[in-house]
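Secondary and tertiary structure notes
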Amino acid sequence: MSMILTGPQTSPDKNMLVANKAKSLLGKTFLRHQISKGATLAALMALSACDLAPTYQAPHFIVPASWHGQGLFREAQPQDTVIRSDWWTLFNDPTLNTLEAQAMDGNADLQAAAERFVQARSIVMEARSDLLPHFALAFGSSNNKSSSDRLFRYKGPITATDEFYGGMASWEPDIWSSIRNRVRAQKYYAQAQAAQYASARLSLQAELATDFFALRGLDAQNAIYEQSISYYQQALRVTQTRLDNQDATGIDVARAKNQLFMTQARQLDVQAQREVLEHALAVLVNASPSSFHIPEIADQDTAEPVFPLGMPSELLQRRPDIAVAEREMAQANRAIGIARAAFYPHVSFNANGGFDANGFDLANLANSMWSYGASVTMPLFEGGLRRAQLQRTWSNYRETRDHYRMAVLSAFKDVENGLSMTARLRAENNRLKQAVEAAMQSQTLTMTLYKGGADGYLDALIAQVNTLDARIEQAQVQARALQATVGMVRALGGGWNDKLLPSPDQTMTFTGFQYEGLHHPAPVGGIDITPNPEQYENLTTAAPTPPMAGTLSRTSVPSKN
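Residues numbered from 1 in each chain as written. Predicted model: local features only at pLDDT ≥ 70, side-chain atom pairs only at ≥ 80, totals over all residues. Heavy atoms only, no water.

1. Overview of the environment of F212
Assignment of secondary structure puts F212 in helix α4 (residues 178-244). Here F212 falls in the buried class, since its relative accessible area comes to 0%. As for F212 and A479, which are separated by 267 residues in sequence, their C-alpha atoms are 9.5 Å apart. Among residues more than four places away in sequence, those in contact with F212 are D93, T95, L96, L99, L281 and I294. (Helix = DSSP H or I, 4+ residues; strand = E, 2+ residues; numbered from the N terminus. Buried < 20%, exposed > 50% of the residue type's maximum accessible area, 1.4 Å probe, protein only. Contact = heavy atoms within 4.5 Å.)

This is the structure in structure tokens:
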């Protein structure tokens, strides 16, 4: 008797059912795998959008609605800057216009400020490069020989060659926005450099105008001394004649000589001051002082324009130095996010591969090599290093807020000082003009009486001294009034507008695959650099100055070349 044992038998329908269950199980497994991958990717994307920097908001100051602290109060927004940008043309002085144009074109300090802005833009691109994967190629060859007497030497050839080539890639996902905060901080720094350039340009314009009006004031003083010396020489001759006729004493002649020689000495001092100012102006317009001269003008007939003052709240929108302080504050805010990100894990991916062989038979799968992987680093204990760095960034941010507030207060002080100086100096100049008129009349009358023998020379001398002092002081105050007007323009921002400040994205200098024009990036924010700095190396070339009535021209003002 025999028995045949068989396994369980299934029908075709049952087999189909099992297959369907298997397919369903595999499908669910695959679906769960895809969902898991999608969830992981979504989690990484969500983490990559995590920004640890505090929400930035510039301070809101409550300022007077009118100057001199009068009127209602209202809040002002801290923005960057409106007087016309070529404000100096309102003084109607062709020589000043020419000098300002030359300084804007060739001043070395201004061009250096523009280069600093370009460098800041380049730093933006450097920081931005860390957001993208880095790829590189490597290849090389070597011929090697080992010592035949080394310990444990393998019995074989002691020379060998090695050739290799391959590629490598690396990428760090910016999970905690550390890299992006560095990029944003550098963009804010570039914007601050753009505002620094505007501040440097305004300082140059104001300094040149201030020195120019000081020089014109010295021209007026020199002309006054020239007229006074001629008058005193005539008075000395009259006194000497009366002494010869025994109608005067020797003390009168000595007094006349003293007055003449002292006036001549003061004229020499004024001339020296003028030459020093002229040299300073030469440097500002990129010219050699030895080949530079501004024609003299005897009379100060420069117009005193009236510029729009605006409201105190608008001042925060006009001053480039306030914009610099605000951008530095925004930059410090991003540094807090960078310091916070240092507490969390950092992930990086690396891969490399290629061929390595003894000889040039490299393109062989057997000679290939590769590696890839990921690494995660997270600080556990560093003795408080990260906390100290975070604490420092918070303190630095608060410091920038203090600097910003001080910049705002200094701006208000500058405007109020300008209002006081311009108003008082103009009133003082009007009073001095009246004093000069009275002194001139007194000088004429006393000299007439002295010539007729009705009065002594002492009264005439006192009148001469008073007249000269009044005329010199009036010329000085008139120059100071013009300088105060320039200072007022500078305090109001000199026509700089916040729309000229480049946006953060405009600070980038090139595109992904651009390799041309790197030596001269496209200008933004009205800031450009010269592609040929050699054109400014000729410091002796001169160009004619605009013709002006009453000038005593010896040489001409240098050109911008």
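2. Some thoughts on the packing of helix α7 (residues 385-451) against helix α8 (residues 457-491)
When two helices pack together, you describe them by how their axes are tilted relative to each other and by the distance separating the axes. Taken N-terminus to C-terminus, the directions of α7 and α8 make an angle of 160°; their axes are 7 Å apart at the nearest point. When the axis of α7 is compared with that of α8, the two are roughly antiparallel. The two elements α7 and α8 cross, and the hand of that crossing is left-handed. Counted by class, the contact of α7 with α8 contains 19 nonpolar, 12 polar and 8 charged residues. (Axes fitted to C-alpha atoms, helices over the stretch in contact; angles between N-to-C directions. Parallel < 35°, antiparallel > 145°, perpendicular 65-115°, else oblique. Left-handed = near helix turned anticlockwise from the far one by under 90°. Nonpolar A, V, L, I, M, F, W, Y, C, P; charged D, E, K, R; others polar.)

3. Concerning unusual backbone geometry
One non-glycine residue, N92, adopts positive backbone phi at about 55°. Position of N92 among the secondary structure elements: in the loop between β2 (73-76) and α2 (94-106).

4. Focus: the sheet that holds strand β7 (residues 368-377)
The strand order across the open sheet formed by 4 strands is β3-β4-β6-β7, and the pairing between neighbours is antiparallel. With partners counted over all chains shown, the strands left at the sheet margins are β3 (134-145) and β7, one partner each. On average, adjacent strands in this sheet sit at an angle of 20° to one another, irrespective of strand direction. Sheet analysis places β3 next to strand β4 (residues 159-171), joined by 12 bridges and oriented antiparallel. Each bridged residue has a counterpart across the sheet, and for F135 the counterpart in β4 is A169. (Pairing = 2+ DSSP bridges.)

5. Overview of the environment of D93
Structurally, D93 is set in the loop between β2 and α2. In sequence terms D93 and D301 are 208 residues apart; their C-alpha atoms lie 9.3 Å from each other.

6. Some details on α4
Given 3.6 residues per turn, any residue in an α-helix points the same way as the ones three and four places further on. Helix length check: α4, at 67 residues, gives a terminal C-alpha distance of 96 Å against a target of 99 Å (1.5 Å per residue), a fit within 8%. Immediately downstream of α4, the backbone of Q246 shows phi near 60°, a positive value. (Expected span 1.5 Å × (residues − 1).)

7. Overview of the packing of α2 against helix α3 (residues 108-128)
One can describe the packing of α2 onto α3 by two numbers: an axis separation of 6 Å at closest approach and a directional angle of 40°. Between α2 and α3, the crossing angle belongs to the class labelled oblique. Mapping the contact onto sequence places A103, M104, D105 and G106 in α2 and A108, L110 and Q111 in α3.

8. Examining a nonpolar patch on the surface
Among the surface-exposed residues, F510, F513, Y515 and L518 lie close enough to one another that they form a single nonpolar patch of about 550 Å² accessible area. For F510, the position within the fold is in the loop between α8 and β8 (551-552). (Patch = residues over 30% accessible without salt bridge, like charges linked within 9 Å, V, L, I, M, F, W, Y side chains within 5 Å. Areas by Shrake-Rupley, 256 points an atom, 1.4 Å probe, with all protein chains shown as cover. Salt bridge = Lys/Arg side-chain N within 4 Å of Asp/Glu carboxyl O.)

9. Thoughts on the side chain of Q259
When you line up the elements, Q259 lands in helix α5 (residues 250-284). Here the side chain of Q259 touches Y232 through a polar contact of 3.0 Å, side chain to side chain. (Polar contact = N/O pair within 3.5 Å; in protein donor to acceptor, adjacent residues only side chain to side chain.)

10. A few points about the layout of surface pockets
Counted as a void, the largest pocket has a volume near 420 Å³. Together, 14 residues line the largest pocket, and S129, L132, F510, T511 and G512 are the ones closest to its centre. Among the secondary structure elements, those contributing two or more residues to the lining of the largest pocket are α3 and β3. (1 Å grid on protein atoms, 1.4 Å probe; cavity = no way out; pocket = protein on both sides within 12 Å on 5 of 7 lines; lining within 4 Å. Points joined across faces, edges and corners; volume = space filled by probe spheres on them.)

11. Topic: the packing of aromatic side chains
Under the counting rule described, the total for this entry stands at 11 aromatic pairs. Among the aromatic residues, those joined into a ring-pair cluster are F91, F212, F213 and F307. Positioned over the ring face of Y450 is R242, at 4.5 Å from the centre of the ring. Directly above the aromatic system of Y188 lies the positively charged group of R327, at a separation of 4.8 Å from the ring centroid. (Phe/Tyr/Trp six-rings, centres within 6.5 Å; stacked < 30°, edge-to-face > 60°. Lys NZ or Arg CZ within 6 Å of the ring centre and 35° of its normal.)

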